[in-house]
Amino acid sequence: MKYAVYTKWVWPNGVPSAEEMQARHRAVKSKTKAENILWWQIDENTHQSLIVYPSEDAAIEEMAQRDAMRKETIDETGHKMVEETKGPFLSIMADV
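Residues numbered from 1 in each chain as written. Predicted model: local features only at pLDDT ≥ 70, side-chain atom pairs only at ≥ 80, totals over all residues. Heavy atoms only, no water.

(A) View of the overall build of the protein chain. A count of helical and extended segments in the protein chain gives 3 helices and 4 strands. Scanning the protein chain from its N terminus toward the C terminus, one meets helices and strands in the order β-α-β-β-α-α-β. Relative to the globule expectation of 12 Å for 96 residues, the C-alpha radius of gyration of the protein chain, 14 Å, shows essentially globular dimensions. Principal axes of the C-alpha set define a box for the protein chain whose edges measure 40 × 25 × 25 Å. Going through the 96 residues of the protein chain one by one, you find that 29% of them count as buried. A separation of at least 24 residues holds for 70% of the contacts in the protein chain among residues at least 6 apart in sequence. Side chains of the protein chain carry 12 positive and 16 negative charges; the gap between the two charge centres is 2 Å. (Helix = DSSP H or I, 4+ residues; strand = E, 2+ residues; numbered from the N terminus. Rg over C-alpha atoms; globule rule 2.2 N^0.38 Å. Buried < 20%, exposed > 50% of the residue type's maximum accessible area, 1.4 Å probe, protein only. Contact = heavy atoms within 4.5 Å. Lys, Arg positive; Asp, Glu negative; His and termini not counted. Charge placed at Lys NZ, Arg CZ, Asp CG, Glu CD.)

In C-alpha cells:
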C-alpha cells in the first residue's frame, strides 16, 4: 500500500524559484526511497508538498534522514513547516 507524507511550509523571504526547488529534488533523488515528491506554490510565501512512498515501512525507515535534511534546510533558510499529515493511500485513480 502506497503511503503519503503531506506538508505545508511558510517561507519568510518568499518561496524559492522553480529552478531552486528542482535543484533540491535532484540532490535527493538518488538518496530517497520515495517514488515521487511533488511541491507546489500556494502564494508567494507558502508551498505544499506530497511525498509518495511505496509503503509505510519505507516512509518510516526514511524518517530520521528526512527530519535531518529538514533541520539542515530550515537552519539555512528560516522557513518552517506549519502542517504535516501522513497516511496510506485509499485509491489511485490511474489504478482503477
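Picking up after the structure, the text goes on.
(B) Expanded view of the nonpolar core. In terms of nonpolar packing, the biggest core is built from 7 residues, these being Tyr3, Val5, Ala34, Ile51, Tyr53, Ala58 and Ala59. Secondary structure elements with two or more residues in this core: strand S1 (3-10), strand S3 (46-53) and helix H2 (56-61). Excluding anything up to four places from it in sequence, Ala58 contacts Lys33 and Tyr53. (Core = buried A, V, L, I, M, F, W, Y, C linked by side-chain atoms within 4.5 Å.)

(C) Molecular detail of the side chain of Thr73. Here Thr73 shows up in helix H3 (residues 63-77). Among the residues examined, Thr73 registers a relative accessible area of 17% and is labelled buried. Thr73 has contacts with Arg24 and His79, leaving out every residue within four places of it along the chain.

(D) Local environment of the pattern of salt bridges. Counted under the stated rule, the structure contains 5 salt bridges. The closest approach of N and O atoms between Lys2 and Glu35, which form a salt bridge, is 2.5 Å. Placement of Lys2 in the segment before S1 and of Glu35 in the loop between helix H1 (18-29) and strand S2 (36-43) is noted, with a sequence separation of 33 residues between them. Judged by relative accessible area, which is 43%, Glu35 ranks as partly exposed. In this structure, the salt-bridge partner of Lys33 is Glu61, at a minimum N-O distance of 2.3 Å. With Lys33 in the loop between H1 and S2 and Glu61 in helix H2, this residue pair connects regions lying 28 residues apart in the sequence. Several salt bridges converge on common partners, so that one network encompasses Asp67, Arg70 and Glu84. (Salt bridge = Lys/Arg side-chain N within 4 Å of Asp/Glu carboxyl O.)

(E) The arrangement of the layout of surface pockets in detail. Looking at the largest pocket, its volume works out to about 560 Å³. Lining the largest pocket we find 24 residues, and of these Val28, Trp39, Met69, Arg70 and Thr73 sit closest to its centre. Taken together, the elements giving at least two residues each to the lining of the largest pocket come down to S1, H1, S2, S3 and H3. Ranked by residues supplied to the lining of the largest pocket, first place goes to H3 with 6 residues. Taken together, the residues of the lining of the largest pocket break down into 10 nonpolar, 8 polar and 6 charged. Taken as a whole, the second largest pocket holds about 160 Å³ of empty space. Around the second largest pocket, the lining residues are His25, Arg26, Val28, Lys29, Thr32, Ala34, Glu35, Asn36 and Ile37. (1 Å grid on protein atoms, 1.4 Å probe; cavity = no way out; pocket = protein on both sides within 12 Å on 5 of 7 lines; lining within 4 Å. Points joined across faces, edges and corners; volume = space filled by probe spheres on them. Nonpolar A, V, L, I, M, F, W, Y, C, P; charged D, E, K, R; others polar.)

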